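Chains, contacts and geometry: an overview
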Amino acid sequence: MWELTEDADERRSYATGGKEELELALEKWDQCAECHQCHGQQVNVDSVWIQSQLAHAGVSPRRFAILCGQVSEQESIPKRIQAGYVFKEHIDKAIALKPQDPQLYYLLGRWCYQVAHLGWLEKRTVSALFETPPTATVEDALQNFLRVEELSPGFSKAGRVYIAKCYRDLGNVSAALLWMDLASELPGNTKEDSATLSGSAGSRRMLDVALGIGVLLALVGCTATEGCVAPQDLVSQLLQRLEGSVNFEEAANPSVLLAMNLAGGDSDGPIHKWLLQEIKEEAVRRAQKDMTSGQVALHVLALLSSCQDPQRVHALDQTLDLIRVLQQKTDEEMAELEAEGVPKTTLYSVGLDTLALCLAEAGGAQAPSVALAKQVLSPESNLSVDNRAMVALALSCVYDYVELQDVRELLQEALRTVSTSFLDEQEKRDGMIGNIYSMGLALQALEATRKFYAPRKWDCDQAYSVVYAHDYQQPMAIAQVLPALVGKSYLDVAGLDCAATKDMSPRRQLPLSPNLGTHGVPRASIQVHYSIINKLQGKHFNYSTTVTVPSGSTLLQVMKVAAEENPQTFSFQTEQTSWGPYVTSIHGLAGSTDDRTYWQFLSAENALEEGVGTYKPHDGEHIQAIFSTY
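Note that the structure is predicted; figures quoted are calculated from it, not measured. (Residues numbered from 1 in each chain as written. Predicted model: local features only at pLDDT ≥ 70, side-chain atom pairs only at ≥ 80, totals over all residues. Heavy atoms only, no water.)

Details of the overall build of the protein
Summing up its helical and strand segments, the protein has 28 helices and ten strands in all. Looking at the protein as a whole, 53% of its 630 residues are labelled buried. Long-range pairs, those at least 24 residues apart, make up 69% of the contacts in the protein with a sequence separation of at least 6. Just so you have it, the protein exposes about 27900 Å², and 50% of that area is on carbon and sulfur atoms. (Helix = DSSP H or I, 4+ residues; strand = E, 2+ residues; numbered from the N terminus. Buried < 20%, exposed > 50% of the residue type's maximum accessible area, 1.4 Å probe, protein only. Contact = heavy atoms within 4.5 Å. Areas by Shrake-Rupley, 256 points an atom, 1.4 Å probe, with all protein chains shown as cover.)

Put into structure tokens, the structure is as follows:
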């Protein structure tokens with residue numbers, strides 16, 4: 001019945017019922033290793049005895065394992081943590097009863113490997129839940145995987161891959177390469193591979209079972225790998241480009257540090273250390289004064305990804321509780337949203353706030369998540385791809401912690417709505433979702449919400465091909481797309497093991513990409529038509545000019561030339577943001593968050609997809625700056 005229905009409530013009911021039946025069987029047959037193995041989320045389906053005994057309870061071992069996985073998908077993270085603890089208990093019992101079974105040692109190895117790689121925040125969570133929390137090391141995992149090979153050489157291709165990963169983590173590169181070669185020698189139809197690595201839906205659910213509850217993957221925010229991962233040379237190039245964008249004379253960008261950490265950047269390198277220190281100092285200086293809630297949230301995420309406690313940010317001889325500041329600013333956003341129908345800043349910022357509060361386990365994420373879900377589901381909603389993607393990431397995090405069923409169902413519906421809308425748009429536009437600069441967050445969101453649009457499949461190859469075809473230069477755009485290219489999202493920041501990523505940066509694998517422009521070679525001149533228009537406030541105006549600039553100049557350079565030639569008319573001001581220079585005023589008229597006004601740049605009546613610091617007009621193009629509302 002579970003396989004026949006697609007209704008989430010019915011699936012949950014059938015899954016829970018099946019799990020309860022097997023628990024009754026366990027009480028009766030406690031000395032059955034297969035029973036304990038089944039309760040540990042993996043079933044020996046070849047056991048005639050277990051099939052016959054469990055048949056009395058109407059439970060198929062294979063289906064029960066699948067049902068256990070389905071139950072876990074509907075549970076909150078605290079309950080899944082409890083399930084992981086039970087998993088260890090039953091696997092230990094199964095090994096005691098059947099010490100020559102390689103499958104049991106493989107499962108135990110996976111459990112040890114994941115526990116060994118818990119981040120500092122997850123370890124703190126586990127410690128709060130258990131008086132004696134489960135512990136394991138990479139060495140423990142390695143010994144279990146090697147035991148599998150000892151009992152049954154070539155038992156599992158996946159097992160050999162994990163032996164290689166263990167040796168890599170322990171710094172034994174030669175052994176890691178050897179075991180990767182040995183893994184490549186095995187066909188894809190070994191016992192373990194056929195049970196977990198095939199493409200069928202049943203086998204995929206078996207993989208989720210074995211790698212989900214049993215090894216606490218839910219705790220670290222990971223799922224079984226189904227998605228796409230970019231070529232290493234592209235990741236290395238973008239990581240180098242991101243590191244090269246850091247300017248020690250400008251404010252540190254927390255999004256850059258966040259992306260570097262997620263992509264495996266060198267946490268011991270001078271750029272990383274400078275960014276981390278600057279972000280701490282900036283938080284202490286400005287968080288309580290003039291930072292928006294979204295800026296505070298980004299600082300929290302950057303600190304979490306660096307294994308720093310945002311509740312105790314120490315810099316400039318001061319210690320700041322950044323989570324308390326974020327909660328206060330989020331409350332201000334929510335008060336404005338409830339009173340006026342719009343937040344103090346943007347829904348994107350509220351999404352960031354909610355995500356940061358959730359990942360920091362601050363306890364204040366549920367109320368804004370409900371408001372965000374209602375915004376997504378509103379018939380009048382017309383949210384951008386960036387807004388919807390950030391909201392989806394936030395709701396995905398909160399969903400795993402919420403206990404109230406009505407709230408979980410609301411979040412689930414919102415997540416399904418966002419993810420399916422992305423899939424629909426991708427299909428219609430040959431891989432593109434929004435524009436090239438919104439693809440990064442859209443990819444992160446689709447990776448993080450797989451279970452909410454299942455059984456529908458995501459053609460990630462098609463989406464990634466769009467990204468591969470673009471030469472990303474803008475640091476903020478790189479910072480958003482880079483995590484997706486390594487199979488991660490912002491949801492992974494609290495689960496990073498900072499010690500494990502040291503000296504693993506790929507930044508030296510390729511030469512640094514050359515800066516844009518050609519030094520010492522004359523460039524042809526182009527003419528750009530430039531207009532500034534205000535029909536919204538005060539005295540209306542409409543001025544135009546034509547300027548001559550070198551080919552390849554940015555729009556910012558065009559504006560500077562116009563201002564130099566006619567400062568009384570075309571003067572402007574900018575401020576530096578994480579996305580580059582942002583035009584705050586032109587001709588003395590400034591945008592304002594109070595009346596929600598800003599300067600919008602268009603070409604051929606279409607809004608530019610890049611900022612003034614990166615957009616390069618072509619010869620004869622007409623750029624309009626129009627004072628607008630949002």
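With respect to the packing of aromatic side chains
Two aromatic rings, taken as a pair, are described by how far apart their centres are and by the angle between their planes. This structure, assessed with the given rule, holds 13 aromatic pairs. A ring pair is formed by Tyr-106 and Phe-145, whose centres lie 5.8 Å apart and whose planes are at 55 degrees; its orientation type is tilted. In this pair, Tyr-106 sits in helix H6 (residues 102-116) while Phe-145 sits in helix H8 (residues 138-151), placing the two residues 39 residues apart along the sequence. As far as burial versus exposure is concerned, Tyr-106 and Phe-145 are alike and both buried. Within the aromatic cluster, the residues linked to one another by ring pairs are Tyr-106, Tyr-113, Phe-145 and Tyr-162. Sitting above the plane of the Tyr-105 ring, Arg-147 keeps its charged end 5.5 Å from the centroid. (Phe/Tyr/Trp six-rings, centres within 6.5 Å; stacked < 30°, edge-to-face > 60°. Lys NZ or Arg CZ within 6 Å of the ring centre and 35° of its normal.)

Re the pattern of salt bridges
Taken as a whole and assessed by the stated rule, the structure comprises 18 salt bridges. With its nearest N and O atoms 3.1 Å apart, the salt bridge here joins Arg-456 to Glu-427. Of this pair, Arg-456 sits in the loop between helix H24 (450-453) and helix H25 (460-468) while Glu-427 sits in helix H22 (residues 405-428), and the two are 29 residues apart along the sequence. You can call Arg-456 partly exposed: its relative accessible area is 27%. What you see here is one network of salt bridges that share partners, running through Glu-281, Glu-282, Arg-285, Arg-286 and Asp-290. (Salt bridge = Lys/Arg side-chain N within 4 Å of Asp/Glu carboxyl O.)

Section: helix H15 (residues 254-262)
The buried fraction of H15 is high, at nine of nine residues. Within the span of H15, buried status applies to Pro-254, Ser-255, Val-256, Leu-257, Leu-258, Ala-259, Met-260, Asn-261 and Leu-262. The N-cap residue of H15 is Asn-253: its side-chain oxygen and the backbone nitrogen of Ser-255 are 2.9 Å apart. One or two residues past the end of H15 sits Gly-264, with phi positive at roughly 85 degrees. (Polar contact = N/O pair within 3.5 Å; in protein donor to acceptor, adjacent residues only side chain to side chain.)

Description of the nonpolar core
Core analysis: the biggest nonpolar cluster contains 108 residues, and Leu-322, Leu-355, Phe-422, Met-439, Trp-458, Tyr-472 and Leu-485 have the highest contact counts within it. Looking at this core, the element that brings in the most residues is helix H21 (residues 385-399), giving eleven residues. Beyond its immediate chain neighbours, meaning those up to four positions away, Met-439 contacts Gly-431, Met-432, Ile-433, Ala-463, Val-466, Val-467 and Tyr-472. Judged by nonpolar contacts, the second largest core, of 31 residues, contains Leu-104, Leu-142, Phe-145 and Cys-166. (Core = buried A, V, L, I, M, F, W, Y, C linked by side-chain atoms within 4.5 Å.)

Quick notes on helix H10 (residues 173-185)
The end-to-end C-alpha distance of H10 is 19 Å, a good match for the 18 Å that 13 residues give at a rise of 1.5 Å each. For H10, the complete set of buried residues consists of Ala-175, Ala-176, Trp-179 and Ala-183. One side of H10 holds all its buried residues, which, seen down the axis, span an arc of 100 degrees. Exposed and facing more than 90 degrees away from the buried side of H10 are Val-173, Ser-174, Leu-177, Ser-184 and Glu-185. Check the buried side of H10 and you find it contacts H8 and helix H9 (157-169). (Expected span 1.5 Å × (residues − 1). Arc of directions from axis to C-beta.)

Some details on the sheet that holds strand E8 (residues 597-603)
The mixed open sheet is built from five strands, whose spatial order is E4-E3-E10-E8-E9. Two strands lie at the open edges of the sheet, namely strand E4 (541-550) and strand E9 (606-607), each paired on one side alone. Where strand E3 (residues 525-534) lies against strand E10 (residues 622-629), five bridges are found, and the strand directions are parallel. Residue pairing in the sheet places His-529 in a bridge with His-622 of E10. The strands touched by helix H27 (residues 555-565) are E3, E4, E8 and E10; relative to E4, the strand with the most contacts, the crossing angle is about 110 degrees. (Pairing = 2+ DSSP bridges. Axes fitted to C-alpha atoms, helices over the stretch in contact; angles between N-to-C directions.)

Quick notes on the environment of Asp-400
The residue Asp-400 is located in the loop between H21 and H22 in this model. Asp-400 sits 42 residues away from Cys-358 along the chain, and the two C-alpha atoms are 9.7 Å apart.

Re the pairing of E8
Here E8 lies mainly inside the structure; five of its seven residues are buried. Of the strand pairs in this sheet, E8 and E10 are connected by seven bridges, and their pairing is antiparallel. Paired with Tyr-598 across the strands is Ser-628, a residue of E10. Where E8 meets E9, two bridges bridge the pair, whose relative direction is antiparallel. Within the sheet, the bridge partner assigned to Ser-603 lies in E9 and is Asn-606.

Topic: unusual backbone geometry
Following Ala-454, the chain continues into Pro-455 via a peptide bond in cis, with omega recorded as 10 degrees. Non-glycine residue Asp-430 carries a positive phi angle of around 55 degrees. Within the secondary structure, Asp-430 is located in the loop between H22 and helix H23 (439-448). Asp-430 gets classed as exposed once you look at its relative accessible area, which sits at 60%. If you check the backbone angles, Arg-596 has positive phi at about 55 degrees while not being a glycine. Within the element layout of this structure, Arg-596 appears in the loop between strand E7 (589-590) and E8.

Side note on the confidence of the model for the protein
Mean pLDDT over the protein: 80, with 74% of residues reaching 70 or higher. For residues 194-226, every residue scores under 50 in pLDDT, and the model assigns this stretch 73 contacts once sequence neighbours within four places are set aside. Counting contacts from residues 501-521, a segment whose pLDDT is below 50, to residues more than four positions away or on other chains yields 37 contacts. (pLDDT = per-residue confidence, 0-100.)

Thoughts on the state of the cysteines
This model, assessed by the stated rule, comprises one disulfide. There is no disulfide at Cys-166, and the cysteine sulfur nearest it, in Cys-112, is 9.2 Å away. (Disulfide = S-S within 2.5 Å.)

Looking at the packing of H25 against helix H26 (residues 475-485)
As a packed pair, H25 and H26 sit with axes 12 Å apart at the nearest point and diverge in direction by 140 degrees. Taken together, the axis directions place H25 and H26 in an arrangement best described as oblique. As for how H25 packs across H26, the hand of that crossing is left-handed. Listed contacts from H26 to Tyr-464, Val-467 and Tyr-468 of H25 are Val-481, Ala-484 and Leu-485. (Parallel < 35°, antiparallel > 145°, perpendicular 65-115°, else oblique. Left-handed = near helix turned anticlockwise from the far one by under 90°.)

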